[in-house]
Amino acid sequence: MLDALRGVRWPARRAVGAAPPGAHRSSQKGTAGEFTEYRLYRQGDDPRALDWRLLARSDRAFVRLSDDRALLPIWIVVDGSARMQFPEAGQSKFGYARKVAVGLAAVAHASRDPVGAMVAHARGVQRVPPRTRRGTVQEIARVLDGVEAGGAADLSPLLSELPTQARIVLITDCLGEINGALRVLAAHRAAGALIECVHVVAAEELAPPPGTFLVHEPYAAGAAAPHERRVLSEEGMADYRERFDAFRKEMASRWRATGAGYTEVRTDLPAARAVRAIVMGLALPAEGGAR
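About the criteria used
Residues numbered from 1 in each chain as written. Predicted model: local features only at pLDDT ≥ 70, side-chain atom pairs only at ≥ 80, totals over all residues. Heavy atoms only, no water. Core = buried A, V, L, I, M, F, W, Y, C linked by side-chain atoms within 4.5 Å. Buried < 20%, exposed > 50% of the residue type's maximum accessible area, 1.4 Å probe, protein only. Helix = DSSP H or I, 4+ residues; strand = E, 2+ residues; numbered from the N terminus. Contact = heavy atoms within 4.5 Å. Arc of directions from axis to C-beta. Axes fitted to C-alpha atoms, helices over the stretch in contact; angles between N-to-C directions. Parallel < 35°, antiparallel > 145°, perpendicular 65-115°, else oblique. Nonpolar A, V, L, I, M, F, W, Y, C, P; charged D, E, K, R; others polar.

Student: Hey, could you run me through the nonpolar core in this one?
Tutor: Note that soluble globular proteins tend to have their nonpolar side chains buried in a common cluster. Membership of the largest hydrophobic core comes to 41 residues, with the highest contact counts inside it found for Ile-76, Val-78, Val-100, Leu-104 and Ile-171. Where this core is concerned, the elements lending two or more residues are strand S3 (74-79), helix H2 (93-110), strand S4 (115-121), helix H3 (136-145), strand S6 (167-172), strand S7 (194-201) and helix H8 (271-280). It is H2 that contributes the most residues to this core, eleven residues altogether. Among all residues touching Ile-76, those that are not within four sequence positions of it are Ala-101, Leu-104, Ala-105, Val-115, Gly-116, Ala-117, Met-118, Val-169 and Ile-171. Core analysis: the next-biggest nonpolar cluster, separate from the first, contains 28 residues, Val-77, Leu-170, Leu-182 and Val-201 among them.

Here you go:
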């Protein structure tokens, strides 16, 4: 997967605030980089920024301004609740989420952005603070690989701890207590953060195999006991699919209403392709999710 992502870049969708020099367009104006506009020379400006040809033609001193470039710290937050372990056989949502998280970390790190990760699960929270040093992507991969999904993690308190001058990526199946996370990240977005939701959907959720199943939610939001179990028969499949499709459309609408980026990916899609869709803003085909 990492080989397939070499050369992929993740530009910010809008100008970022003041930060150390980096790869993203900054909201600050400077005198280096790509030309944007002119400004009258003021005492204290660097004479090297003067446009001498314009001075010769107009007898007025102008400074050439450009958009500065800035670093963008990135936090990748992975939902490690028990629901993410579905399906137990084959590619689980949590296993897929880990692959996508490592792929996004590699793309961000290649642009020299500080990248960190956080995963909430039954035993607590694992964190890797944003760093640019060599080995950061491997460290994130090791931490994620050592986590077993479980419990019913409440993501809102964790998200509220994150800085607003950053890109925050939440990788989740959106089936838990998502309202709190939406409120927190909407407030972060209003304060200047760039928000991305990666909605992981298992292929088995979209197209359950024929038959009759005993289904249940492993953990209720905020509770430690299993949900009530019920039978899902072939007769009820049409109703299930209709409800699940409505849920997916609702999630896309609610996340986009906050100004966040939103990408739905399914677990039978190659992870490298999903990462490319997320960072490049590409629409995935219907059989591989929708943006």
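Student: I tried to follow H3 on my own but got confused; where do I start?
Tutor: Among all positions of H3, only Thr-136, Val-137, Glu-139, Ile-140 and Leu-144 are buried. Down the axis of H3, the sector holding all buried residues measures 160 degrees, keeping them to one side. In H3, the exposed positions angled more than 90 degrees off the buried face are occupied by Arg-142 and Asp-145. If you follow the buried residues of H3, they end up packed against S3, H2, S4 and strand S5 (124-131).

Student: For this particular structure, what's the right way to read the packing of helix H5 (residues 178-190) against helix H7 (residues 237-257)?
Tutor: Between H5 and H7, whose axes approach to 10 Å, the crossing angle comes to 25 degrees. Judged on the interaxial angle alone, H7 and H5 are roughly parallel. Note on element contacts: H7 touches H5 through Met-251, Arg-254 and Trp-255, opposite Ile-178, Asn-179, Leu-182 and Leu-185. A breakdown of the residues in the contact of H5 with H7 according to their chemical character gives five nonpolar, one polar and one charged.

Student: Explain the environment of Ala-187 to me, please; I cannot follow it from the model alone.
Tutor: In this structure, Ala-187 sits in helix H5. Overall, the relative accessible area of 48% leaves Ala-187 in the partly exposed class. For the pair formed by Ala-187 and Thr-258, sequence separation is 71 residues and the distance between their alpha carbons is 8.7 Å.

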